[in-house]
Each structure stands twice: as C-alpha cells, then as structure tokens.
Amino acid sequence: DTAVSQTPKYLVTQMGNDKSIKCEQNLGHDTMYWYKQDSKKFLKIMFSYNNKELIINETVPNRFSPKSPDKAHLNLHINSLELGDSAVYFCASSQDPNGSGRRTDTQYFGPGTRLTVL
Amino acid sequence: DQQVKQNSPSLSVQEGRISILNCDYTNSMFDYFLWYKKYPAEGPTFLISISSIKDKNEDGRFTVFLNKSAKHLSLHIVPSQPGDSAVYFCAASEGGAQKLVFGQGTRLTINP
C-alpha cells in the first residue's frame, strides 16, 4: 500500500519531446512537492503545492509546469525536453500537523522517476 | 551556493561500531534540521530531526547533535547494523518553511 507513488519509474525520451510524470499520495496530506536530484546527487526543490495552490516555485525553466488536479495528485509536465533535464525526479508530500502555518512536518517521498533525455 | 554540505561522500564502518555522519550549513536562519535515509531505487525516508532550540535528539540507535555556533550537525548510529548501509541526506529549513535544503548525501557502508 504505497503512500507516495510516481509513474513512470523510468522514462527515456528524445530531446524536444514533451513528457509528464505523475504523482499520487494516499496519506491525506495537504502539501505536495517536486524535487530534482541532479548528477551531483543534490536534491533540490522545484515546486510545492498546498491544497492545489502553488506556494513554492524555485528558479525552474518555464518548460516545467506542475499541475495539481486535486489534493492527492501533483503531476509534472515538461515541454521541449533538453539533455540537462536528465535527472531523477522525486515527488513528496507532507501535512501541517496543527494548521499553524509554521511547519516542522516530515516530508514523505515517492520512489523517484529516472528521466533520461537522449 | 550550496547552503547544506556533506563533505564526506562515503563512509565505511564495521558492524557493531559507531557511525558518525557529518553535515555543515551556512545559513544561520535555518532552525530545523532533518536526516533522511535512502536505499537504491527508493525515495528518501525520514529518519530523525532536531529543532534549533535543542542540541541533541535521540531515537533508539540514532542520535542527532546540533552545534549552532559551528553550524554543524551530526548523526550518530550505534551500534551500526548491515541494514544501515544506505545514503544519508542532511536537510535544513528556515522559519518553519516547507522548503527543505538538502546536502549531497553520504554513502554509509556497514561491513560485517
């Protein structure tokens, strides 16, 4: 019974293509995230959505567009893929424990999607 | 400009001994710190955390120490077990923000 799931697990595609990665969480959390782990192994946040509203948007090319159809899903769509987009992308979710807005909550990660752009 | 750094890419420890993983940060506004553990082909899983109002937090075999003046934290695992072999990531956040800043990870190998 996977808490945070991502599809596909592996994605190999050509430069210039458009692709999507899907993320779903069944934890009832109100916030979801996308992270990118680059070749140097750093995990860097890309986006965060709280109740379908974008709250964190790091310096990411506008070819990347997150889409949150509901609280349990946050999909990542990437247009015009480039070689440098090759990385592992992780989805995560968390829940503000007391609704205070001050968060020290744990983020739960999906298994990752390895994207290879040829 | 990497605000969280784990300067040891790998560490090898004998089973039963203590493993010490280190992490340094540069942003003095960070007030919450976490350690995540990652197995191959899986996502990171939360291990232990510490708030900046504390200097130590313990959970079973895992203890995290925070030295704010040195902007340094460490994770101690004792005794180390083979199942502890994984990549360990240090992360930090500022002001209760949801944005976690991660280090680049340390690969821990426990030898029998």
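Relevant structure appears above.
The notes below deal with the structure included here. (Residues numbered from 1 in each chain as written. Chains lettered and ligands numbered in written order. Predicted model: local features only at pLDDT ≥ 70, side-chain atom pairs only at ≥ 80, totals over all residues. Heavy atoms only, no water.)

Quick notes on the nonpolar core
Within the largest apolar cluster, 24 residues are counted, with the highest numbers of intra-cluster contacts made by V4, F33, W35, L73, L75 and Y88 of chain B. Contributions of two or more residues to this core are made by β3 (19–25), β4 (30–38), β5 (45–51), β7 (62–67), β8 (72–77), β9 (86–94) and β11 (106–111) of chain B. Counting residues per element, this core draws most heavily on β9 of chain B, at 4 residues. Excluding anything up to four places from it in sequence, L73 of chain B contacts L21, N22, C23, Y25, F33, W35, V64, F65, L66 and C90 of chain B. Within the second largest apolar cluster, 19 residues are counted, among which are M32, Y49, A87 and Y89 of chain A. (Core = buried A, V, L, I, M, F, W, Y, C linked by side-chain atoms within 4.5 Å. Buried < 20%, exposed > 50% of the residue type's maximum accessible area, 1.4 Å probe, protein only. Helix = DSSP H or I, 4+ residues; strand = E, 2+ residues; numbered from the N terminus. Contact = heavy atoms within 4.5 Å.)

Some thoughts on the interface of chain A and chain B
Counting from both sides, the interface comprises 25 residues of chain A and, opposite them, 21 residues of chain B. Of the roughly 1,800 Å² buried between chain A and chain B on both sides combined, carbon and sulfur atoms contribute 59%. At the surface where chain A touches chain B, the tally comes to 1 salt bridge. Among the ionic pairs, K99 of chain B bridges to E58 of chain A, the shortest N-O distance being 3.0 Å. On inspection of chain A and its partner chain B, the count reaches 4 residue pairs in polar contact (both at pLDDT 80 or more). Split into classes, the residues belonging to the side of chain A that touches chain B amount to 10 nonpolar, 8 polar and 7 charged. (Buried area = accessible area lost by both parts, 1.4 Å probe. Salt bridge = Lys/Arg side-chain N within 4 Å of Asp/Glu carboxyl O. Polar contact = N/O pair within 3.5 Å; in protein donor to acceptor, adjacent residues only side chain to side chain. Nonpolar A, V, L, I, M, F, W, Y, C, P; charged D, E, K, R; others polar.)

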